[in-house]
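Reading the structure
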Amino acid sequence: MIKISPSVLASDFSALGAEAVKVEKGGADYLHLDVMDGAFVPNISFGAPVIKSVRSKTNLVFDVHLMIENPLKYIDDFKKAGADIITFHIESSSPVGETVDKILNCGCKAGISIKPATPAEEVFPYLEKLSMVLVMTVEPGFGGQSFMHDTMKKVKTLREEILRRGLDVDIQVDGGINAETVEIAAAAGANVFVAGSAVFGAEKPSEIIGMLREKAEKAYN
Ligand code: DX5
Ligand code: ZN
């Protein structure tokens, strides 16, 4: 099923609660929360206390994307802050299997993310336990970058493997998603779409969310 997950990285941080409500009313499915530690990626965003402060403002599914060096250490904090889905990077320094189990044991859904240079096959050993694989379509760290078309090969590889095994795993794409790239990613097999600048940069986020969903639904099969 198609899901739209606006990234608050492009929102007005001084009014985070209101921004979340705006996209919830605008028809979003998830709220994408980008956690950056200035070590795994060259940028710092926000952590668990900020996520916790928004939790009471909206019923959106909290889709937490951890771009941090040691995700295993902080899983409990993000669970307590209200995360529903926790996605971490396979390139981080935490043991992958243990981190997935920790996320599942605390009652969240687990996702693994791969950077543009990481092969799709690296996620294969964990697929049975995952709800989602996040294929980064830009180098993680900043919003507003251009979609990397090369990454679509990995989306296709993953979708084929998920279908071959008869699993129900979402494929999320993140970075440079807009009216044009959403169709390309959906046609390749992605079904969860993160959009930061496209949604929060728009005058009417609801129109953009609706348009992204419609285009994705047509292109996904
Ligand atoms: C980038 C983040 C993205 C970012 C996407 O490292 O993971 O979620 O906010 O922003 P746009 O949609 O502007 O490319
Ligand atoms: Zn993200």
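In case you missed it, the structure is sitting above this.
These notes cover the structure that comes with them. (Residues numbered from 1 in each chain as written. Chains lettered and ligands numbered in written order. Predicted model: local features only at pLDDT ≥ 70, side-chain atom pairs only at ≥ 80, totals over all residues. Heavy atoms only, no water.)

**Quick word on the coordination of the zinc ion (ligand 2)**
Selection rule: Only nitrogen, oxygen and sulfur atoms count as donors, using a 2.8 Å cut-off from the metal that widens to 3.2 Å for Na, K and Ca. Water is left out, so coordination shells may look unfilled. Geometry is assigned from the angles between donors: four donors with all angles from 85 to 135 degrees make a tetrahedral site, four or six donors whose opposite pairs exceed 155 degrees while the rest stay between 65 and 115 make square planar or octahedral sites respectively, and everything else is labelled irregular. Helix and strand assignments follow DSSP, with helices taken as H or I runs no shorter than four residues and strands as E runs no shorter than two, numbered in order from the N terminus. For every residue, the accessible area (1.4 Å probe, protein chains only) is compared with the maximum for its type, and the residue is labelled buried under 20%, exposed over 50%, or partly exposed between those bounds.
For the zinc ion (ligand 2), the full set of protein donor atoms is His32 (NE2), Asp34 (OD), His65 (ND1) and Asp174 (OD), and the range of their distances to it is 2.0 to 2.3 Å. Around the zinc ion (ligand 2) sit six donor atoms, and with donor-metal-donor angles ranging over 69 to 170° the site reads as octahedral. Spacing between the donor residues of the zinc ion (ligand 2) along the chain follows H-x1-D-x30-H-x108-D. Placement of the pair is His65 in strand β3 (residues 61-67) and Asp174 in strand β7 (residues 170-174), with a sequence separation of 109 residues. With respect to burial, His65 and Asp174 carry one shared label: buried.

**Things to note about the sheet that holds strand β1 (residues 3-6)**
For clarity, the threshold we go by: Two strands are counted as paired when DSSP detects at least two bridges linking them. An axis is simply a line fitted to the C-alpha atoms; with a helix, the fit covers only the stretch in contact. Between two such axes, the angle follows the N-to-C directions and lies from 0 to 180 degrees. The criterion used for residue contact is that any of the two residues' heavy atoms lie within 4.5 Å.
Judged by pairing direction, the sheet is parallel, and its eight strands sit side by side in the order β1-β8-β7-β6-β5-β4-β3-β2 without closing on themselves. The sheet is open, and its two borders are formed by β1 and β2 (30-36), each paired with just one other strand. When strand polarity is set aside, the average angle formed by the axes of neighbouring strands in this sheet is 20°. As judged from the three bridges shared by β7 and strand β8 (residues 192-195), these two strands associate in the parallel manner. Across the sheet, the residue bridging to Asp174 is Val194, located in β8. Packing against the sheet, helix α5 (residues 152-164) makes contact with β5 (109-114), β6 (132-136) and β7, and its axis sits at approximately 170° to β7.

**Focus: the site of ligand 1**
What counts here: A molecule or strand has a residue near it when one of that residue's heavy atoms lies within 4 Å. Side-chain atoms alone can form a polar contact between residues adjacent in sequence; in general such a contact is a pair of N or O atoms within 3.5 Å, and within protein one must be able to donate a hydrogen while the other accepts it. All accessible-area figures derive from a Shrake-Rupley calculation using a 1.4 Å probe, and residue coverage is judged against the displayed protein chains alone. When residues are sorted by character, Ala, Val, Leu, Ile, Met, Phe, Trp, Tyr, Cys and Pro go into the nonpolar class, Asp, Glu, Lys and Arg into the charged class, and all the rest, Gly among them, into the polar class.
Around ligand 1, a shell composed of 20 residues is seen, among which Asp34, Gly141, Asp174, Gly196 and Ser197 lie nearest. One of the side-chain nitrogen or oxygen atoms of Asp174 is found 2.7 Å away from an oxygen atom of ligand 1. Separating an oxygen atom of ligand 1 from a backbone N or O atom of Gly176 is a distance of 2.8 Å. Taking 380 Å² as the accessible area of ligand 1 by itself, protein coverage stands at 98%. Every element with two or more residues in the shell around ligand 1 is listed here: β2, β3 and β8. Among the elements that line the shell around ligand 1, the one with the most residues is β2, at three residues. For the shell around ligand 1, the class distribution of residues is eight nonpolar, 10 polar and two charged.

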